[in-house]
Amino acid sequence: MDKKLIRSMSYGRILLAGVLLASLGFTACKTDDKGADKAGNKGADKASTQPANKTPATDTTAVTLQLTASDVTSAVVHTFKRQLPVSGVLQPVSIASIKAQVGGLVTSVRAQEGERVGRGQVLVQLDTTELNARLAQQQAQLDSSTAARDFAQKRLEQSKPLLEKGYISQTEYDRVVNDLAQASAQIRISEAGLILTQKAQRDATVTASTSGIVAARQVNVGDKISTEQVLFTIADVSEMELSAPVPAADIGRVRVGLPLALSAQGSSQVLRGRVQRIAPVVENNSRSVPVYVRIPNNGGALKGGMYLQGALQLGAKQALAVPQAATLMLQDGSTQVWVVKNNKLHKGPITVGEVDAAAAMVEVLDGLAVGDRVMVSGLDTLLEGQGVTGITN
């Protein structure tokens, strides 16, 4: 083969190899571009799925509260009245049951419930027909016994000289003496019977044994009553008495003369009385001791059976206190307040004592001083260190 042909074939091979190499380079570049694009797209997609940065939380302590005078109060010295709650049913001091002393038929009733009666006033009249007849009989027996005694006395006076002269025996004389003794005894029997009959006749007219108000009437005209039957109940309501049970654990603080303030249910009137007496034993069922309180009933407004409640006044003490509205009870049982100091709010744990429910004040044993300013509103929304304005420290 000539040199010219060989040179031409070599040149062709070289050219073909160059084309192939160029083609491969272009493909690789294209692949790299696609990979880069794909990687770029993936990065962009991944970046798009990342959450946006959150907005920084606002510092709530930087929010200053504008307060008014009604939002804040001061710790003050308060008078705590030491009281012991009591309650009970009111009853008249004196209640009398009027009973029949004799049996008989009721012919008239002269008093009704709610009427005031005086001592000795006639309440009931019984039929006295039988009693009158019995009285006449007893009087006749007495007259007969008197006559028999007078006769026996006269015989004795006649028999004594006869005995001395021997005209009668001693036995006959003794019989005359015995007749006189029997006649005298019969007189006494007749007199006793007459007294009883006279009393029965008086008892047929039933009268009030005390002054007061008729609380109950258990008799009507035409009734046949018996001895000891209750006819009327009369209450002296000029003074009332309250029986109030006091727990045995507290009875040591109660003494005769202690004042007591009471009120009836549904009434704003305050009733005042004093402890009159204290029962000497503890009741088994309730483990309480009855305390009896006397209450004047001027005007008669108080009625038996009224339910009263109040408190025994055991004394008073001065102590540091804040309103109940300023205290916050925590889950662990402790108590705290929000103290305003240097225009900032601070938690203040306190130790509490007695509670004056009427004044809504709580005794502070520890944690505050007189004049400390505390919040009384929005306690659940306040924050430690929060600024406040609108008040003077």
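Use the structure listed above.
So, here is what we can say about the structure in this document.

**Structural notes on the overall build of the chain**
The helix and strand tally for the chain stands at 3 helices and 20 strands. Within the span of the chain, comprising 393 residues, buried residues form 30% of the whole. Across the chain, contacts joining residues at least 24 apart in sequence account for 73% of those joining residues at least 6 apart. Put simply, the chain shows about 24400 Å² of open surface, and 53% of that area lies on carbon and sulfur atoms.

**Focus on the sheet that holds strand β7 (residues 205–207)**
Read across the open sheet, the 4 strands follow the order β7-β6-β4-β9; overall the sheet is antiparallel. Only two strands of the sheet have a single partner each, and these edge strands are β7 and β9 (224–225). Here strand β4 (residues 104–109) runs beside strand β6 (residues 122–126); their pairing, made up of 3 bridges, is antiparallel. Looking across to β6, one finds that Val106 is bridged to Leu126.

**Here we look at the side chain of Ser159**
Its place among the elements puts Ser159 in helix α2 (residues 129–165). Using a relative accessible area of 8% as the deciding quantity, one classes Ser159 as buried. Within the structure, the side chain of Ser159 is placed 2.8 Å from the backbone oxygen of Arg155, a separation counted as a polar contact. Those residues in contact with Ser159, other than ones at most four positions away along the chain, are Ile168, Tyr173 and Val176.

**Some thoughts on α2**
Helix length check: α2, at 37 residues, gives a terminal C-alpha distance of 55 Å against a target of 54 Å (1.5 Å per residue), a fit within 8%. Within α2, burial applies to Leu131, Leu135, Gln138, Leu142, Ser145, Ala152, Leu156 and Ser159. With its phi angle positive at about 85 degrees, Gly166 sits one or two positions after the end of α2.

**A closer look at the nonpolar core**
In terms of nonpolar packing, the biggest core is built from 26 residues, with Leu242, Val254, Leu262, Ile295, Leu308 and Leu312 touching the most fellow members. Every element with two or more residues in this core is listed here: β3 (76–99), β10 (230–247), β11 (259–264), β12 (271–278), β13 (288–296) and β14 (307–323). Per element, the largest residue contribution to this core is 6 residues, and it comes from β10. Setting aside anything within four residues of it in sequence, one finds Leu308 in contact with Ser87, Gly88, Leu90, Leu242, Leu262, Ser263, Ala264, Leu271 and Ile295. Ranked by size, the runner-up nonpolar core spans 21 residues in total, among them Ile98, Val102, Val106 and Ile234.

So, how was this worked out
Residues numbered from 1 in each chain as written. Predicted model: local features only at pLDDT ≥ 70, side-chain atom pairs only at ≥ 80, totals over all residues. Heavy atoms only, no water. Helix = DSSP H or I, 4+ residues; strand = E, 2+ residues; numbered from the N terminus. Buried < 20%, exposed > 50% of the residue type's maximum accessible area, 1.4 Å probe, protein only. Contact = heavy atoms within 4.5 Å. Areas by Shrake-Rupley, 256 points an atom, 1.4 Å probe, with all protein chains shown as cover. Pairing = 2+ DSSP bridges. Polar contact = N/O pair within 3.5 Å; in protein donor to acceptor, adjacent residues only side chain to side chain. Expected span 1.5 Å × (residues − 1). Core = buried A, V, L, I, M, F, W, Y, C linked by side-chain atoms within 4.5 Å.

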